[in-house]
Amino acid sequence: TSEEEQSRVNNVISEWNDVQAYLPKVNAPRSRIGSYRQGSHGFTCVAFIDSSLPQHLRNGLSEFRSAVDEEFPGRYGWLDETSLHCTLRSLDGPAKGC
């Protein structure tokens, strides 16, 4: 990665220090399942979860999804196991009209 890209990621991570300012960025309209299932333009900061994740943590994720589905049926869409990642947020500027 370039220095510019690394700087952008570091800036996103440092935003976590002010949760009140960070939450609106995380909850932006582009942070929804449709952005994964349709064509999308832009850049997103993600951390992929690969096979090195310990099995007990994978089990915990599976249990979490089951509990969420039980509590909120049909509300959330889950990605395939091979696509497991944590999306930090979009790196693009605010969408027009937002």
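Above this text sits the structure in question.
As a starting point, this report considers the structure included with it. On a predicted model such as this, the values are computed, not experimentally measured, just so you know.

1. Regarding helix α4 (residues 55-71)
The end-to-end C-alpha separation of α4 is 24 Å, in line with the 24 Å expected for 17 residues at 1.5 Å each. Taken residue by residue, α4 has Arg58, Arg65 and Val68 as its buried positions. One side of α4 carries all its buried residues, which in axial view fall inside an arc of 85°. α4 presents Gln55, His56, Glu63, Glu70 and Glu71 as exposed residues on the side facing more than 90 degrees away from its buried surface.

2. Some thoughts on the packing of aromatic side chains
A complete count under the given rule lists three aromatic pairs for this structure. On the numbers, 6.5 Å between centres and 80° between planes, the contact of Phe64 with Trp78 is edge-to-face. Of this pair, Phe64 sits in helix α4 while Trp78 sits in the loop between α4 and β2 (85-90), and the two are 14 residues apart along the sequence. Summarising the aromatic geometry, the rings of Tyr76 and Trp78 are spaced 6.3 Å apart at their centres and angled 35° between planes, so their arrangement reads as tilted. Tyr76 sits in the partly exposed class, given a relative accessible area of 43%. On the basis of relative accessible area, Trp78 is assigned to the partly exposed category, the value being 34%. Through pairs of rings, three or more aromatic residues link up here, namely Phe64, Phe72, Tyr76 and Trp78.

Analysis parameters
Residues numbered from 1 in each chain as written. Predicted model: local features only at pLDDT ≥ 70, side-chain atom pairs only at ≥ 80, totals over all residues. Heavy atoms only, no water. Helix = DSSP H or I, 4+ residues; strand = E, 2+ residues; numbered from the N terminus. Expected span 1.5 Å × (residues − 1). Buried < 20%, exposed > 50% of the residue type's maximum accessible area, 1.4 Å probe, protein only. Arc of directions from axis to C-beta. Phe/Tyr/Trp six-rings, centres within 6.5 Å; stacked < 30°, edge-to-face > 60°.

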